[in-house]
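# Inside the fold
Listed below, chain by chain, are the residues.
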Amino acid sequence: MKLIILGPPGSGKGTVSERLAKDFNLLHISVGDLLRKEEKKKTELGKEIKSYIDKGNLVPHQMAVDIAKKAIGKKKNFIFDGFPRSVDQARSIEELDIDAVIYLDVQEKEVIKRLSGRLLDPVTGKTYHRQYLPPPKGIEKRLVHRKDDTPKVIKERFKVYHRETEPVIMYYQKKGILKKIDGDGKPEEVYERIRKAVIKIR
């Protein structure tokens, strides 16, 4: 099974993808996480990636595609978390024969509320939330806010999302493989909606 999960920043794509990967035995591929790992290495590529991420912009199309394809290798069961982010990227992965695209529909004001409470563990790279996904005891002191979770950058990310990613949703809708899921509500409720949709796909 080859899946894509899309949605605005802070819609819960990462958390949902991790659970789906576990429940359905899929390789979870977050291109965003892979880019951030590269950034931490402080290579020339990492520095270039950092300059885009810090401004809330998308990295160049081909850079993201290359990293995504490398992560898959020859795997047949995977879930792309928040990728592709542009129609060009979607066209570049046509040969992968994606089975379904899950679109998490979440209102902008709800996303801003969620992102303001989001915390990153710089050691493991895992993301937590003060309200929805509290971190384990003992690691609170080392948690930090992501640089791209400031109100200014969140607004910029939304502009980029509307401009670049919404056309991707239309692209997959026309292909007849888009599954729109209401992303508002408690995480458990949202996940159950998605899980039922994935069972039908399988």
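Structure: see above.
Residues numbered from 1 in each chain as written. Predicted model: local features only at pLDDT ≥ 70, side-chain atom pairs only at ≥ 80, totals over all residues. Heavy atoms only, no water.

## Brief notes about the packing of helix 2 (residues 31-41) against helix 3 (residues 44-53)
For the pair helix 2 and helix 3, interaxial distance at closest approach is 7 Å and the crossing angle is 120°. Taken together, the axis directions place helix 2 and helix 3 in an arrangement best described as oblique. Both helix 2 and helix 3 take part in a crossing whose hand is left-handed. Contact residues: Leu35, Arg36, Glu38 and Glu39 in helix 2; Leu45, Gly46, Ile49, Lys50 and Ile53 in helix 3. Its residues assigned to classes, the contact of helix 2 with helix 3 comprises 4 nonpolar, 1 polar and 4 charged. (Axes fitted to C-alpha atoms, helices over the stretch in contact; angles between N-to-C directions. Helix = DSSP H or I, 4+ residues; strand = E, 2+ residues; numbered from the N terminus. Parallel < 35°, antiparallel > 145°, perpendicular 65-115°, else oblique. Left-handed = near helix turned anticlockwise from the far one by under 90°. Contact = heavy atoms within 4.5 Å. Nonpolar A, V, L, I, M, F, W, Y, C, P; charged D, E, K, R; others polar.)

## Some points on the side chain of Thr165
Structurally, Thr165 can be placed in helix 7 (residues 151-175). Judged by relative accessible area, which is 7%, Thr165 ranks as buried. The residues touching Thr165, leaving out its near neighbours within four places in the chain, are Arg85 and Val160. (Buried < 20%, exposed > 50% of the residue type's maximum accessible area, 1.4 Å probe, protein only.)

## Considering the environment of Asp148
If you trace the backbone, Asp148 turns up in the loop between strand 6 (127-129) and helix 7. Classification of Asp148 by relative accessible area gives buried; the value is 9%. Asp148 has contacts with Arg36, Ile53, Val153, Ile154 and Arg157, leaving out every residue within four places of it along the chain.

## Notes on the pattern of salt bridges
In total, this model carries 13 salt bridges according to the counting rule given. Taking the shortest distance from any N to any O, the salt bridge between Arg36 and Asp33 comes out at 3.0 Å. Highlighted residues: Arg36 and Asp33, both in helix 2, separated by 3 residues, approximately one helical turn. Overall, Arg36 belongs to the partly exposed group, its relative accessible area being 23%. Residue classification places Asp33 among the partly exposed positions, given a relative accessible area of 31%. A salt bridge links Lys180 to Asp105, with the nearest nitrogen and oxygen atoms 3.7 Å apart. Here Lys180, found in strand 7 (residues 178-182), pairs with Asp105, found in strand 4 (residues 100-105); they are 75 residues apart in sequence, far enough to count as distant. Owing to a relative accessible area of 22%, Asp105 belongs among the partly exposed residues under this scheme. (Salt bridge = Lys/Arg side-chain N within 4 Å of Asp/Glu carboxyl O.)

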